[in-house]
Amino acid sequence: MYKTEYGSFDGNSWEAFCQTCFKLKYESVGYQELTAWQGDLGIEGFTRDGIVFQCYCPDEEYEPSTLYEKQRDKITKDLKKLEAKKEDLRKYLKDTKIKKWIFVTPGYKNKELVKHCRDKAEEYRGMSLDILDSDFDVFVQDLGFFAEQIPYVVGFNGRKVEINHIPESKENQERWKNSSISMVQTANRKNTHRVSDNVPRRDEKINKLTSLTISHFLNGNLMLSKIQSSFPDDYEKFVRVISQYEEKVEEMCITNSSDSNTLYEKIAVDLKAKIASSFPYLDETTIERLTNQVLADWILRCPIEFE
């Protein structure tokens with residue numbers, strides 16, 4: 001199995017995932033799946049405007065040089081079928097000339113694979129195969145190729161998306177803390193209401209709570225940046241959902257008659273449920289992280305206020 005941020009794949013599940021994505025992504029140009037029953041023609045499907053696809057999922061997470069060799073050899077092997085199977089391919093392509101041959105794999109780690117594709121494209125343009133367009137080209141694409149389709153496909157297949165990111169370093173967190181003194185002071189002031197007066201090492205615990213707030217905020221921002229780049233429509237929806245709920249939070253704080261932690265937990269539970277219902281394809285870990293980011297943002301600014 002090959003692990004990705006959208007789940008683990010083997011050859012069969014990767015092809016099934018790709019086929020669903022192809023049908024969504026290329027519906028307007030007439031994508032047609034070609035099953036391998038009664039013969040593998042070297043492509044999984046094609047569009048009416050001349051794009052063909054080949055899927056490949058590594059058996060495991062190989063180290064970069066081994067992965068490159070396996071992907072390179074797979075590209076080389078399947079491209080040969082354009083010539084070996086040209087008569088069979090013509091039966092399905094009819095007058096459509098192949099303009100692009102796209103190798104779709106969950107991920108690749110060596111940029112030499114791109115060079116290999118360019119070299120093979122040049123080689124095949126020189127072969128004058130009559131099923132190929134004069135501008136025939138070869139590409140490699142990874143999971144990002146399906147950025148727009150992933151939320152729909154993972155939901156349809158019952159998968160859940162986990163948005164992974166590299167955590168913000170302690171150095172960057174400290175740097176941000178020193179440059180955002182007013183926001184840190186706001187968080188400290190609010191967090192004093194969440195720590196009882198008579199607990200041991202109270203100041204230490206307040207500072208720790210503020211450090212957690214900053215960590216949730218900065219790490220959550222990294223996650224949001226990734227969502228914004230990969231799923232821009234869903235990012236805009238997230239901003240709308242949170243902005244709308246923020247008004248309710250301000251009202252809850254004004255009318256609150258319970259203690260600060262009870263209010264905070266109430267807001268957290270409601271917020272998490274709202275994110276989960278608005279984005280059902282996200283996994284539990286991602287929802288938890290997004291909830292923590294929003295809560296931290298509201299602590300650092302003014303939407304959450306304790307009296």
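Report follows, based on the coordinates. (Residues numbered from 1 in each chain as written. Predicted model: local features only at pLDDT ≥ 70, side-chain atom pairs only at ≥ 80, totals over all residues. Heavy atoms only, no water.)

1. Structural notes on empty space enclosed by the protein
The probe, sized like a water molecule, is rolled over the atoms to show the empty space still left.
Stage number 1. What the rule picks out here adds up to one cavity of 30 Å³ or more.
Stage number 2. The calculated volume of the largest cavity comes to roughly 60 Å³.
Stage number 3. Ile-163, Ile-227, Phe-231, Asp-234, Tyr-235, Phe-238, Phe-279, Tyr-281, Leu-282 and Leu-290 are the residues that line the largest cavity.
Stage number 4. With three residues, the single largest contributor to the lining of the largest cavity is helix 9 (residues 232-255).
Stage number 5. By residue class, the composition of the lining of the largest cavity is nine nonpolar, no polar and one charged. (1 Å grid on protein atoms, 1.4 Å probe; cavity = no way out; pocket = protein on both sides within 12 Å on 5 of 7 lines; lining within 4 Å. Points joined across faces, edges and corners; volume = space filled by probe spheres on them. Helix = DSSP H or I, 4+ residues; strand = E, 2+ residues; numbered from the N terminus. Nonpolar A, V, L, I, M, F, W, Y, C, P; charged D, E, K, R; others polar.)

2. What to know about the pairing of strand 5 (residues 51-55)
Stage number 1. Burial analysis of strand 5 places five of its five residues in the buried class, which makes it a mostly covered element.
Stage number 2. Alternating residues of strand 5 divide into Ile-51, Phe-53 and Cys-55 and Val-52 and Gln-54, and every residue in both groups is buried.
Stage number 3. Strand direction decides the pairing type here: strand 4 (residues 45-46) and strand 5, joined by two bridges, are antiparallel. In the sheet register, Gly-45 faces strand 5, and the bridge partner there is Phe-53. (Buried < 20%, exposed > 50% of the residue type's maximum accessible area, 1.4 Å probe, protein only. Pairing = 2+ DSSP bridges.)

3. A word on the nonpolar core
Stage number 1. Judged by nonpolar contacts, the single largest core of 60 residues is most densely connected at Phe-17, Trp-298 and Ile-304.
Stage number 2. The element contributing the most residues to this core is helix 11 (residues 284-300), with eight residues.
Stage number 3. Grouped together as the second largest cluster of nonpolar side chains are 25 residues, Cys-117, Ala-121, Ile-131 and Phe-136 included. (Core = buried A, V, L, I, M, F, W, Y, C linked by side-chain atoms within 4.5 Å.)

4. So, the environment of Lys-23
Stage number 1. You can see Lys-23 is positioned in helix 1 (residues 11-25).
Stage number 2. Each C-alpha atom of the pair Lys-23 and Val-138 lies 20 Å from the other, and the pair is 115 residues apart in sequence.
Stage number 3. Those residues in contact with Lys-23, other than ones at most four positions away along the chain, are Tyr-31 and Glu-33. (Contact = heavy atoms within 4.5 Å.)

5. Points about the state of the cysteines
Stage number 1. One pass over the full model with this rule turns up zero disulfides.
Stage number 2. Here Cys-117 stays free of any disulfide, with the sulfur of Cys-55 as its closest cysteine sulfur at 14 Å.
Stage number 3. The buried category is assigned to Cys-117, whose relative accessible area is 1%. (Disulfide = S-S within 2.5 Å.)

6. A few points about the pattern of salt bridges
Stage number 1. Taken as a whole and assessed by the stated rule, the structure comprises 18 salt bridges.
Stage number 2. Between Arg-301 and Glu-246 there is a salt bridge, and its shortest N-O distance comes to 3.1 Å. Residue Arg-301 is located in the segment after helix 11, and its partner Glu-246 is located in helix 9; the two are separated by 55 residues in the primary sequence.
Stage number 3. Residue classification places Arg-301 among the partly exposed positions, given a relative accessible area of 32%. (Salt bridge = Lys/Arg side-chain N within 4 Å of Asp/Glu carboxyl O.)

7. What about the sheet that holds strand 3 (residues 32-33)?
Stage number 1. A sheet is described by the order of its strands in space; here five strands give the open sequence 3-4-5-6-7, paired in mixed fashion. Edge positions in the sheet fall to strand 3 and strand 7 (132-141), since each has one partner strand and no second.
Stage number 2. Relative to strand 6 (residues 98-104), strand 5 runs parallel, the two sharing five bridges. Residue pairing across strands places Gln-54 opposite Phe-103, the latter belonging to strand 6.
Stage number 3. Contacting strand 3, strand 5 and strand 6, helix 1 runs over the sheet at an angle of about 160 degrees to strand 5. (Axes fitted to C-alpha atoms, helices over the stretch in contact; angles between N-to-C directions.)

8. Notes on helix 10 (residues 260-278)
Stage number 1. The end-to-end C-alpha distance of helix 10, which contains 19 residues, comes to 27 Å, matching closely the 27 Å that a straight helix rising 1.5 Å per residue would cover.
Stage number 2. If you check which residues of helix 10 are buried, you get Ser-260, Leu-263, Tyr-264, Ile-267, Ala-268, Asp-270, Leu-271, Ile-275 and Ser-278.
Stage number 3. On its buried face, helix 10 sits against helix 9 and helix 11.
Stage number 4. For helix 10, the capping residue at the N-terminal end is Asp-259, with a side-chain oxygen 3.1 Å from the backbone nitrogen of Asn-261. (Expected span 1.5 Å × (residues − 1). Polar contact = N/O pair within 3.5 Å; in protein donor to acceptor, adjacent residues only side chain to side chain.)

9. Observations concerning the packing of helix 9 against helix 10
Stage number 1. Contact geometry of helix 9 with helix 10 gives a least axis separation of 11 Å together with a crossing angle of 155 degrees. Judged on the interaxial angle alone, helix 10 and helix 9 are roughly antiparallel. Crossing of helix 9 against helix 10: the hand is right-handed. The segment helix 9 lies against helix 10, with Lys-237, Phe-238, Val-241, Ile-242, Tyr-245, Val-249, Met-252 and Cys-253 engaging Leu-263, Lys-266, Ile-267, Asp-270, Leu-271, Lys-274, Ile-275 and Ser-278. (Parallel < 35°, antiparallel > 145°, perpendicular 65-115°, else oblique. Left-handed = near helix turned anticlockwise from the far one by under 90°.)

10. So, unusual backbone geometry
Stage number 1. A positive phi is found at Lys-94, a non-glycine position, where the angle reads about 55 degrees.
Stage number 2. In this structure, Lys-94 sits in the loop between helix 3 (86-93) and strand 6.
Stage number 3. For Lys-94, a relative accessible area of 60% translates into the label exposed.
Stage number 4. Phi is positive for Arg-201, close to 50 degrees, though the residue is something other than glycine.

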